[in-house]
Amino acid sequence: MEAILNQIGFLYQVPAWASVLVAVVLALAFSYTGAPLWLWAIIGYAGLFGLNAPEWMLLTYTGLVFLFNIPGIRRTLISAPVMKVMEAMKFLPTISETEQTAIDAGTVWMDGELFSGKPNFKNILAQDYPELTKDEQDFLDNQVEALCAMIDDWEVFIKKDFNADVWEYMRKEGFFGLIIPKKYGGLEFSATAHSAIVAKLASRSGPLATTVMVPNSLGPAELLMHYGTDEQKEYYLPRLAAGVEMPCFALTEPNAGSDAGGMEASGIVFKGKDGELYLRLNWNKRYITLAAISTVLGLAFKLSDPDNLLGKGTDLGITCALVPSTTKGVVLGKRHDPLGVPFFNCPTHGHDVIVPIDSIIGGPEGAGNGWRMLMESLAVGRGISLPSQAAGGAKMATRAVGAYAMIRKQFGLNIGKFEGIEEPMARIGGYTYLMDAARRYTTGGLDQGAKPAVVTAIMKYNFTEFGREIINDSMDIVGGAGISRGPRNIFAHSYIALPIAITVEGANILTRTLMIFGQGAIRCHPYALKEIEALTNKDTKAFDKNFWAHIGHVVRNKSRTLLLSLTRGRLAGSPVSGPAAKYYRRLSWASAAFAFYADIALGSYGGALKMKEKIAGRYADILSNMYLAAATLKRFETEGRRKEDEAYFHWAMNNLFYRMQVAFDGILSEIKVPGLSWAFRLMAVWNRLNPIGSYPSDKLGHEVAQAMQTVGEQRDRITHGIFIPTDPKEAVGRYEHALNLIAEAAPVYKKMYVAMKKRELEKASVPNLIDPALEKGIITKEEAELARSAEDARTGKA
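Residues numbered from 1 in each chain as written. Predicted model: local features only at pLDDT ≥ 70, side-chain atom pairs only at ≥ 80, totals over all residues. Heavy atoms only, no water.

Engineer: Talk me through the overall build of the chain; I want residue IDs and the actual numbers.
Structural biologist: Within the chain one finds 34 helices and 9 strands. For the chain, the C-alpha atoms occupy an extent of roughly 105 × 90 × 45 Å along the three principal directions. Taking the intrachain contacts of the chain between residues at least 6 apart in sequence as the baseline, contacts between residues at least 24 apart amount to 75%. Here the chain carries 85 positive and 82 negative side-chain charges, and the mean point of each set is 5 Å from the other. (Helix = DSSP H or I, 4+ residues; strand = E, 2+ residues; numbered from the N terminus. Contact = heavy atoms within 4.5 Å. Lys, Arg positive; Asp, Glu negative; His and termini not counted. Charge placed at Lys NZ, Arg CZ, Asp CG, Glu CD.)

Engineer: Would you mind going over a nonpolar patch on the surface in detail, with residue names and values included?
Structural biologist: On the surface, a cluster of nonpolar side chains totalling about 520 Å² of accessible area is made up of Leu562, Leu566, Val685, Trp686 and Leu689. Elements with a contribution of two residues or more to the nonpolar patch: helix H24 (540-566) and helix H28 (677-689). With 3 residues, H28 is the largest single contributor of residues to the nonpolar patch. Position of Trp686 relative to the elements: it lies in helix H28. (Patch = residues over 30% accessible without salt bridge, like charges linked within 9 Å, V, L, I, M, F, W, Y side chains within 5 Å. Areas by Shrake-Rupley, 256 points an atom, 1.4 Å probe, with all protein chains shown as cover. Salt bridge = Lys/Arg side-chain N within 4 Å of Asp/Glu carboxyl O.)

Engineer: Quick rundown of the pattern of salt bridges? Include the residues and the values.
Structural biologist: Tallied over the full model, the rule gives 31 salt bridges. Residue Glu469 pairs with Arg659 through a salt bridge whose shortest N-O separation is 3.8 Å. Of this pair, Glu469 sits in helix H19 (residues 453-478) while Arg659 sits in helix H27 (residues 646-670), and the two are 190 residues apart along the sequence. Its relative accessible area of 30% is what places Glu469 among the partly exposed residues. Connected through salt bridges with shared partners, the residues Arg642, Glu644, Asp645, Glu713 and Arg717 form a single ionic network. (Buried < 20%, exposed > 50% of the residue type's maximum accessible area, 1.4 Å probe, protein only.)

Engineer: With reference to specific residues and values, describe the side chain of Arg204.
Structural biologist: Inspection of the secondary structure puts Arg204 in helix H12 (residues 191-204). In this structure Arg204 comes out as buried when scored by relative accessible area, which is 15%. When residues no more than four places from it in sequence are discounted, the contact partners of Arg204 are Cys148, Ala149, Ile151, Asp153, Phe723, Pro725 and Glu730.

Engineer: Can you explain the packing of H12 against helix H18 (residues 419-447)? Please cite residues and give values.
Structural biologist: Any two packed helices are characterised by how steeply their axes cross, that is the angle between the axes, and by the distance between the axes. Where H12 contacts H18, the axes come no closer than 8 Å and their chain directions differ by 145°. Two secondary-structure elements touch here, H12 through Ala191, Thr192, Ser195 and Ala196 and H18 through Arg439, Thr443, Gly444, Leu446 and Asp447. Residue composition of the contact of H12 with H18, by class: 3 nonpolar, 4 polar and 2 charged. (Axes fitted to C-alpha atoms, helices over the stretch in contact; angles between N-to-C directions. Nonpolar A, V, L, I, M, F, W, Y, C, P; charged D, E, K, R; others polar.)

Engineer: Pulling in residues and values, what's your account of the packing of aromatic side chains?
Structural biologist: Counted according to the given criterion, the structure contains 33 aromatic pairs. With 4.8 Å between their ring centres and 85° between their planes, Tyr235 and Tyr236 make a pair best called edge-to-face. Look at Tyr236 and you get buried, because its relative accessible area is 12%. When the ring of Phe636 is compared with that of Phe649, the centres are 3.9 Å apart and the planes differ by 10°; the resulting orientation is stacked. Of this pair, Phe636 sits in helix H26 (residues 613-638) while Phe649 sits in helix H27, and the two are 13 residues apart along the sequence. Here Phe636 and Phe649 have matching classes, each one buried. (Phe/Tyr/Trp six-rings, centres within 6.5 Å; stacked < 30°, edge-to-face > 60°.)

Engineer: Lay out the environment of Lys84 with the relevant residues and their values.
Structural biologist: Within the secondary structure layout, Lys84 lies in helix H5 (residues 71-89). Sequence separation between Lys84 and Lys538 is 454 residues, and the spatial gap between their C-alpha atoms is 9.4 Å.

Engineer: Report on the state of the cysteines, specifying residues and quantitative values.
Structural biologist: Taken as a whole and assessed by the stated rule, the structure comprises 0 disulfides. Not part of a disulfide, Cys320 finds its nearest cysteine sulfur in Cys248, a span of 12 Å. On the basis of relative accessibility, which here comes to 1%, the residue Cys320 falls in the buried class. (Disulfide = S-S within 2.5 Å.)

Engineer: Please set out the side chain of Asn546 residue by residue, giving values where relevant.
Structural biologist: Following the sequence through the fold, Asn546 ends up in helix H24. Taking the relative accessible area as the measure of exposure, Asn546 reaches 9% and is therefore buried. A distance of 2.9 Å separates the side chain of Asn546 from the backbone oxygen of Ala542, its partner in a polar contact. In this structure, Asn546 is in contact with Tyr527, Lys530 and Glu531, ignoring residues within four places of it in sequence. (Polar contact = N/O pair within 3.5 Å; in protein donor to acceptor, adjacent residues only side chain to side chain.)

Engineer: An account of the nonpolar core is needed here, citing residue identities and associated values.
Structural biologist: It is characteristic of soluble globular proteins that their nonpolar side chains tend to be buried jointly. In terms of nonpolar packing, the biggest core is built from 142 residues, with Phe517, Leu587, Tyr619, Tyr627, Ile671 and Met752 touching the most fellow members. Tallying contributions element by element places helix H25 (residues 581-605) first for this core, with 15 residues. Setting aside residues no more than four positions away along its own chain, Phe517 makes contact with Phe115, Arg512, Phe594, Ala598, Leu609, Ala616, Tyr619 and Ala620. (Core = buried A, V, L, I, M, F, W, Y, C linked by side-chain atoms within 4.5 Å.)

Engineer: I'd love a proper account of the pairing of strand E1 (residues 247-250), names of residues and values included.
Structural biologist: Look at any regular strand and the pattern is simple: side chains alternate between the two faces of the sheet. Where burial is concerned, the two faces of E1 agree: the one with Pro247 and Phe249 and the one with Cys248 and Ala250 are both buried. The pairing of E1 with strand E4 (residues 296-304) spans 4 bridges and is classified as parallel. Residue Pro247 lies in a different strand from E4, and its bridge partner there is Val296. (Pairing = 2+ DSSP bridges.)

Engineer: Talk me through unusual backbone geometry; I want residue IDs and the actual numbers.
Structural biologist: Even without a glycine there, the phi angle at Glu505 is positive, about 55°. For Arg759, which is not a glycine, the phi torsion comes out positive at approximately 65°.

Engineer: I'd like to hear about the confidence of the model for the chain, residue by residue, with values.
Structural biologist: For the chain, per-residue confidence averages 92 on the pLDDT scale, and residues scoring 70 or more make up 96% of the total. The low-confidence segment residues 8-12, where pLDDT is below 50, has 8 contacts with residues more than four positions distant or belonging to other chains. (pLDDT = per-residue confidence, 0-100.)

Engineer: Outline helix H21 (residues 492-503), listing residues and values.
Structural biologist: Regarding H21, the residues found buried are Ala492, His493, Leu498, Ile500, Ala501 and Ile502. Looking at the packing, one finds that the buried side of H21 touches helix H10 (153-159), helix H17 (385-407), H19, helix H20 (480-483) and helix H22 (508-523). Glu505 sits one or two positions beyond H21 and adopts a positive phi of about 55°.

Engineer: Just give me the short version of the pairing of E4, but keep the residues and values in it.
Structural biologist: For E4, a buried count of 7 out of 9 residues is recorded, marking the element as mostly surrounded by other parts of the structure. In this structure, strand E2 (residues 266-271) lies alongside E4, joined through 3 bridges in parallel fashion. Bridging across to E4, Ile268 finds its partner in Ser304. Examined bridge by bridge, E4 and strand E5 (residues 315-324) share 9 bridges and lie antiparallel to one another. In the strand pairing of E5, Ala300 is matched with Cys320.

Engineer: Which residues make up helix H13 (residues 206-213), and what values do they have?
Structural biologist: With 7 of its 8 residues buried, H13 lies for the most part within the structure. Looking only at H13, the buried set comprises Pro207, Leu208, Ala209, Thr210, Thr211, Val212 and Met213. Buried residues belonging to H13 abut helix H9 (134-150), H10, helix H11 (164-172), H12, strand E3 (277-289) and H17.

Laid out in structure tokens, this is it:
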């Protein structure tokens with residue numbers, strides 16, 4: 001060490017102020033890059049030599065170097081006492097058994113990259129963005145198209161059911177076995193195909209999408225595939241795939257909604273007179289989708305074994321079992337009416353229902369494993385069903401609103417030319433672009449085997465919230481055409497049904513405030529969970545390793561936050577050039593700031609962070625929008641950086657960073673840091689003066705709104721994958737027919753408008769211009785007929 005210092009000491013024979021300046025620059029550089037501690041020690045020595053430090057100072061510094069750099073010494077003298085203090089103060093959150101199961105369920109995926117403070121964009125871009133296989137695409141183009149054509153959504157709402165031929169077609173074509181392996185008679189489609197199918201069905205009829213997606217989501221088939229015994233799979237999966245059995249899954253109870261762990265449904269193991277083991281089940285479940293027509297219930301309950309007949313103890317915990325609906329004691333209650341939306345849903349009760357012990361999913365070995373089964377299945381299902389339904393609805397809104405804005409005229413202009421209409425249209429189009437990006441990116445990860453519980457919670461929460469904004473904006477734009485229910489109303493049923501999506505599979509308030517960041521702060525953080533486990537296990541070695549790595553992590557992200565803020569992200573690199581490069585740099589800035597402020601929250605609130613739901617919700621917003629931004633960047637890159645899509649892309653990215661900015665502002669304005677809250681209020685001021693994002697410009701909004709109204713390849717591609725009826729008498733078909741005629745007649749309109757300006761024609765509405773224009777030879781007979789057809793279509797006469 002001394003030899004090294006002697007070699008570099010001459011570099012520091014400079015004035016003290018220069019030594020300090022060099023030390024500050026090097027400290028920032030080292031902290032920004034996350035340099036190891038021994039490098040810091042060398043620079044410290046060099047700085048002390050440059051300042052001609054006295055011998056006692058050098059000796060003291062040497063002692064500190066040894067103390068912090070030799071693990072055995074550090075562990076004994078520092079880490080062990082720190083552990084005791086943290087245990088006494090409950091500095092880190094304690095984790096209950098059910099929380100631990102939820103954390104252990106699933107995997108960390110790209111959420112870990114974004115939580116790190118220094119995301120690896122090459123890894124983010126390397127993730128799969130899959131296309132459908134030929135079989136999957138054929139099914140979407142044929143069977144799904146045919147099923148959509150069979151459905152009249154208005155008729156479904158009137159009858160509260162599908163026609164018999166629709167049910168038969170769904171059974172015959174395997175719609176209830178999308179995810180079941182082929183060897184059991186299912187289609188064995190990918191998550192990407194599953195998502196695409198639900199999205200297309202949702203664009204036609206919400207109840208249809210719900211009816212198909214529930215058996216293919218969390219339920220008996222999903223649980224049996226992963227946890228069932230061979231006998232259970234052989235019996236049930238072929239019957240489920242063929243639609244012979246109609247499944248439901250009974251989880252929610254009057255006193256156990258978001259807190260599913262608080263369920264009161266019970267099961268007791270007992271030995272029958274025949275010497276065999278049985279379960280005696282009692283339950284009171286409600287809001288169970290498809291229960292009203294179910295033949296087999298997947299049931300979650302708390303299992304006890306008072307005589308320890310299974311040899312696993314007396315209190316086994318949450319367990320899942322399959323119960324035929326015809327079993328004595330099973331009651332399927334009166335059908336619920338969820339806001340008038342006609343999917344089957346009802347309560348179910350069980351009174352001393354007796355079933356064999358083998359009814360437990362996974363057999364007796366599955367006893368007590370129900371919570372893990374549910375959490376692992378939800379870690380996947382949340383990323384497919386409701387996000388896909390929302391994405392299908394968003395694409396339909398983009399297409400229908402775009403058409404309506406071009407067709408509808410007020411004050412002599414297409415309403416799509418009014419800025420007041422452009423603003424909500426831009427939200428609809430921009431959200432649709434980023435939603436489809438995130439949908440495909442997420443299902444690509446699921447198809448590669450990821451089970452990212454935090455990411456799928458992000459998807460469920462944000463997609464249903466985007467859906468809420470999109471349907472509200474759509475209703476505002478179409479006005480009376482949206483509030484008058486009937487077969488030609490495209491939006492009313494989605495508007496009515498939206499609160500259901502907000503509520504199910506984890507109510508959005510819970511998902512945002514507790515799951516995304518509450519679990520994410522533990523699951524996705526590179527060190528927090530390891531520190532908690534080390535404290536729980538009193539493992540000083542593991543604690544020492546992770547605690548000091550955590551300290552280095554905080555220092556690095558603090559430096560990155562400072563420098564990236566001062567340079568507005570320019571100091572960070574980008575894996576690509578072109579129009580997207582600035583967003584990668586800005587996302588590096590966001591990630592660093594998020595990671596640093598997350599550690600500040602963990603340090604300031606400790607175990608009490610669980611209850612700081614307002615702050616946690618803002619962290620959830622940042623993590624959500626970073627993930628959506630990463631997915632949108634992936635889409636833009638994968639699709640070849642299409643020039644014509646730049647308006648959609650830039651609007652989406654600007655909006656996501658604006659949402660991050662709002663959340664950062666809320667955190668810095670409200671976070672309580674012992675002794676330093678004032679400093680964070682000053683940082684809030686700086687954050688507003690130097691924002692990470694601002695709302696998309698009016699110019700961008702205009703470009704998106706105009707693109708939505710323009711017939712052509714781009715409009716078809718942005719809304720690809722939805723059902724578009726060709727019958728001009730249908731609601732969407734009428735819009736498409738009118739828009740195409742109006743687009744075709746555009747040159748004719750132009751001729752008449754030019755003639756009016758030249759005063760060759762008197763000022764009048766288009767229908768009253770056609771005959772005078774024809775008489776004066778301004779337009780041809782064919783052009784006059786085209787203009788009449790377009791105007792008839794506009795007014796609904798055609």
